[in-house]
Amino acid sequence: MTMEITGAGVAGRYPFAKLHGLGNDFVFFDDRDETMDVSVDQVKRLCDRRFGIGADGVILVRPARLEGCDGLMYYINADGTLAQMCGNGVRCFAKYVVDRGIVDAARGSLTVETLAGPRAIRFTMDEAGRLATAQVDMGAPVLEAAEVPLNAAAADEAATVVAEDRAARPCDGQTRSCATTLTLAYPGGPSFAFVGVSMGNPHAVCLIDDWEALPAHLFKGGEKSLETFDVDAVGAYFESHPAFPEKTNVEFACVDDSGIAMRVFERGCGETMACGTGACATLVAAALTERSERENDVHLRGGTLHILWDETDHVIMTGPAEEAFIGEVEL
Ligand SMILES: N[C@H](CCC[C@H](N)C(=O)O)C(=O)O
């Protein structure tokens, strides 16, 4: 299951910075002295867009434990649950430490430790001497069902597995298992086919080829499209579906000549403007099901990420990171 943080919540006044990657936004705290012990309630309050600063998550900048890493990204979803990895967050982490001189900009690269392991980053600077874009080696996608994780048997007990396809496509001659596609029933219909991909955190990617084939009750007025699709309702149902023992991030995407268009209902956050790990998982799923080449632009509500699934099986994500404002907050 997903893990809630267990912090007692030490009261105090803390400086923070607000950063985002394509509108997927985070409250950053410098916790290199490891004194912050945030509680679930504190995180929920910080992320509340009415009663707090407002964000999709909280990121603590902590000292690295792994040799060769420049810092540890401790990422907490808005609901107070820990996540192993955050793609937009790790680009913002690079910006946070480079713009503050914690990491020397002249290096042009750094390695960030995450709960999913180290992630190597190369970055470019803007004319004002601040980090502009970051290229992150997000590692290899994990496709083995048990490691995503997926659990069709648990879903079957809920009589919701319509089909399980173990071979989305021969995995490019790799000596790796093929992805699992679970087709799961939605209350009132229809069923949706999800390709399970982990980028250190779980993703269920639904690639839709024909919006017209879906019933009208799944759309919020207007023509049937990704933009009018009811991501909140359908995403919320599958986020906590028994087929996903650790819950899941849920992506809905379609592919055309301009690239991959995607919306995401994130585990522990709800719909976000962008999801870096989700964009990587969606590129992998689209390539495995022969809808896309292994390199493409992924268009999200907040902007575009460029994703390459390279010949070494690593997924390379390139995109911006921005700092919106700084402040002090009473916890
Ligand atoms: N909600 C995600 C973590 C944040 C991922 C997303 N913001 C990204 O940019 O990858 C999870 O629980 O796995």
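All values derive from a computational prediction rather than experimental measurement.

**Student:** Quick question: what am I supposed to make of the site of the ligand here?
**Tutor:** Neighbouring the ligand are 16 residues; Asn 24, Gly 87, Glu 266, Gly 276 and Thr 277 lie closest to it. Between an oxygen atom of the ligand and a main-chain N or O atom of Gly 87, the distance comes to 2.8 Å. Across the complex, the protein chains shield 100% of the 370 Å² of accessible surface that the ligand would expose by itself. Looking at the shell around the ligand, the elements that each hand over two or more residues are strand E4 (71-77), helix H2 (87-99) and helix H5 (276-288). The residue inventory of the shell around the ligand, partitioned by class, reads six nonpolar, eight polar and two charged. Of the residues that make up the shell around the ligand, three or more belong to each of domain 1 (13-139 + 320-330) and domain 2 (145-313).

**Student:** I would appreciate a short explanation of the nonpolar core in the present structure.
**Tutor:** Generally speaking, soluble globular proteins have nonpolar side chains that are buried together. Core analysis: the largest hydrophobic core is formed by 58 residues, its most contacted members being Phe 28, Met 73 and Ile 307. Apart from the residues within four sequence positions on either side, Met 73 is in contact with Ile 59, Leu 60, Met 85, Cys 86, Gly 89, Val 90, Phe 93, Val 112, Glu 113, Thr 114 and Leu 115. One finds Phe 194, Leu 214, Leu 218 and Val 234 within the second-largest nonpolar core, a separate group that totals 29 residues.

**Student:** Before we go on, may I ask you to explain the domain arrangement of the protein chain in this structure?
**Tutor:** Think of interface size as the accessible area that goes away when the parts come together; that is how it is often given. By domain assignment, the protein chain separates into domain 1 (13-139 + 320-330) and domain 2 (145-313). The centre of domain 1, based on its C-alpha atoms, is set 26 Å off from the matching centre of domain 2. Taken together, the contacts link 22 residues of domain 1 with 22 residues of domain 2. A buried area of about 1,400 Å², summed over both sides, lies between domain 1 and domain 2, and 52% of it is on carbon and sulfur atoms. For the domain 1 face of the interface with domain 2, the top three residues by lost area are Leu 22, Gln 84 and Met 138, together amounting to 38%. Connecting domain 1 to domain 2 are zero salt bridges. Only E4 and H2 provide two or more residues apiece to the side of domain 1 that touches domain 2. Taken together, the residues of the side of domain 1 that touches domain 2 break down into nine nonpolar, nine polar and four charged.

**Student:** Before we go on, may I ask you to explain the state of the cysteines in this structure?
**Tutor:** Put plainly, two cysteines are in a disulfide when a covalent bond ties their sulfur atoms together. Here the structure, examined in full by the defined rule, presents zero disulfides. The cysteine Cys 254 is free of any disulfide, with Cys 206 supplying the nearest cysteine sulfur at 10 Å.

**Student:** Would you mind showing me how to read unusual backbone geometry here?
**Tutor:** Across the junction of Val 148 and Pro 149, the peptide omega takes the value -5°, indicating a cis bond. With respect to the helices, strands and loops of the structure, Pro 149 is situated in the loop between strand E7 (131-137) and helix H3 (152-157). The omega torsion across Gly 189 and Pro 190 is -5°, close enough to zero to call that bond cis. Within the element layout of this structure, Pro 190 appears in the loop between strand E9 (181-185) and strand E10 (191-198).

**Student:** How should I be thinking about the UniProt feature "binding site: substrate" (unreviewed entry) in the protein chain in this particular structure?
**Tutor:** According to UniProt, the feature "binding site: substrate" (unreviewed entry) maps to Asn 24, Asn 77, Gly 87, Asn 88, Asn 201, Asn 249, Glu 266, Arg 267, Gly 276 and Thr 277 in the numbering used here. Along the polypeptide, Asn 88 turns up in helix H2. Excluding its chain neighbours within four sequence positions, the residues that come into contact with Asn 88 are Gly 21, Asn 24, Phe 26, Ala 274, Cys 275, Gly 276 and Leu 305. Along the chain, Thr 277 falls in helix H5. One polar contact links Thr 277 to His 203, side chain to side chain, over a distance of 3.0 Å.

**Student:** Sorry, what's going on with the pattern of salt bridges here?
**Tutor:** It is possible for side chains of opposite charge to pair when their charged atoms get near one another. Per the counting criterion, the structure on display carries 16 salt bridges. In this structure, Arg 13 engages Glu 330 in a salt bridge whose closest nitrogen and oxygen atoms are separated by 2.9 Å. Placement of the pair is Arg 13 in strand E1 (residues 13-21) and Glu 330 in strand E18 (residues 322-330), with a sequence separation of 317 residues. The class of Arg 13 is exposed, set by a relative accessible area of 51%. Each of Lys 18, Asp 25, Arg 49 and Asp 56 takes part in salt bridges that share partners, so that together they form one network.

**Student:** I'm lost on the side chain of Thr 183 in this one. Help?
**Tutor:** Position of Thr 183 relative to the elements: it lies in strand E9. Since its relative accessible area comes to 18%, Thr 183 is described here as buried.

**Student:** Explain the side chain of Glu 251 here, please?
**Tutor:** Checked against the element boundaries, Glu 251 lands in strand E12 (residues 249-256). Of the side chains with opposite charge, Arg 267 comes closest to the buried, unpaired Glu 251, at an N-O distance of 9.8 Å. Here Glu 251 is in contact with His 203, Ala 204, Val 205, Cys 206, Met 262, Arg 263, Val 264, Cys 275, Gly 278 and Thr 282, once residues within four sequence places are set aside.

**Student:** How do you make sense of H2 when you look at a structure like this?
**Tutor:** Along an α-helix, residues three or four positions apart point the same way, because every turn accommodates 3.6 residues. Taking 1.5 Å per residue, 13 residues should reach 18 Å; H2 reaches 19 Å between its end C-alpha atoms and fits that length. Of all 13 residues making up H2, twelve are buried, and the element is well covered by its neighbours. Considered for burial, the residues of H2 that qualify are Gly 87, Asn 88, Gly 89, Val 90, Arg 91, Cys 92, Phe 93, Ala 94, Lys 95, Tyr 96, Val 97 and Val 98. Once H2 ends, the next one or two residues include Gly 101, with phi positive near 75°.

**Student:** Even after reading the chapter, I still don't get the pairing of strand E3 (residues 57-62), so can you show me in this structure?
**Tutor:** Every regular strand shows the same layout, with side chains that alternate between the two sheet faces. With respect to burial, E3 is a largely interior element, six of its six residues being buried. Residue alternation in E3 divides its side chains into two sets, Gly 57, Ile 59 and Val 61 and Val 58, Leu 60 and Arg 62, and both sets are buried. Note: strand E2 (residues 24-30) against E3, five bridges, orientation parallel. Paired with Phe 28 across the bridge in E3 is Ile 59. Chirality of the crossover, the property in question, places the unit of E2, helix H1 (residues 40-47) and E3 among those that are right-handed.

Here is what the cut-offs are and how they apply
- Residues numbered from 1 in each chain as written.
- Predicted model: local features only at pLDDT ≥ 70, side-chain atom pairs only at ≥ 80, totals over all residues.
- Heavy atoms only, no water.
- Near = heavy atom within 4 Å.
- Polar contact = N/O pair within 3.5 Å; in protein donor to acceptor, adjacent residues only side chain to side chain.
- Areas by Shrake-Rupley, 256 points an atom, 1.4 Å probe, with all protein chains shown as cover.
- Helix = DSSP H or I, 4+ residues; strand = E, 2+ residues; numbered from the N terminus.
- Nonpolar A, V, L, I, M, F, W, Y, C, P; charged D, E, K, R; others polar.
- Domains from an automatic or database assignment.
- Core = buried A, V, L, I, M, F, W, Y, C linked by side-chain atoms within 4.5 Å.
- Buried < 20%, exposed > 50% of the residue type's maximum accessible area, 1.4 Å probe, protein only.
- Contact = heavy atoms within 4.5 Å.
- Buried area = accessible area lost by both parts, 1.4 Å probe.
- Salt bridge = Lys/Arg side-chain N within 4 Å of Asp/Glu carboxyl O.
- Disulfide = S-S within 2.5 Å.
- UniProt positions renumbered as here; feature names shortened; annotations may be inferred.
- Lys, Arg positive; Asp, Glu negative; His and termini not counted.
- Expected span 1.5 Å × (residues − 1).
- Pairing = 2+ DSSP bridges.
- Right-handed = clockwise from strand over helix to strand, strands pointing away.

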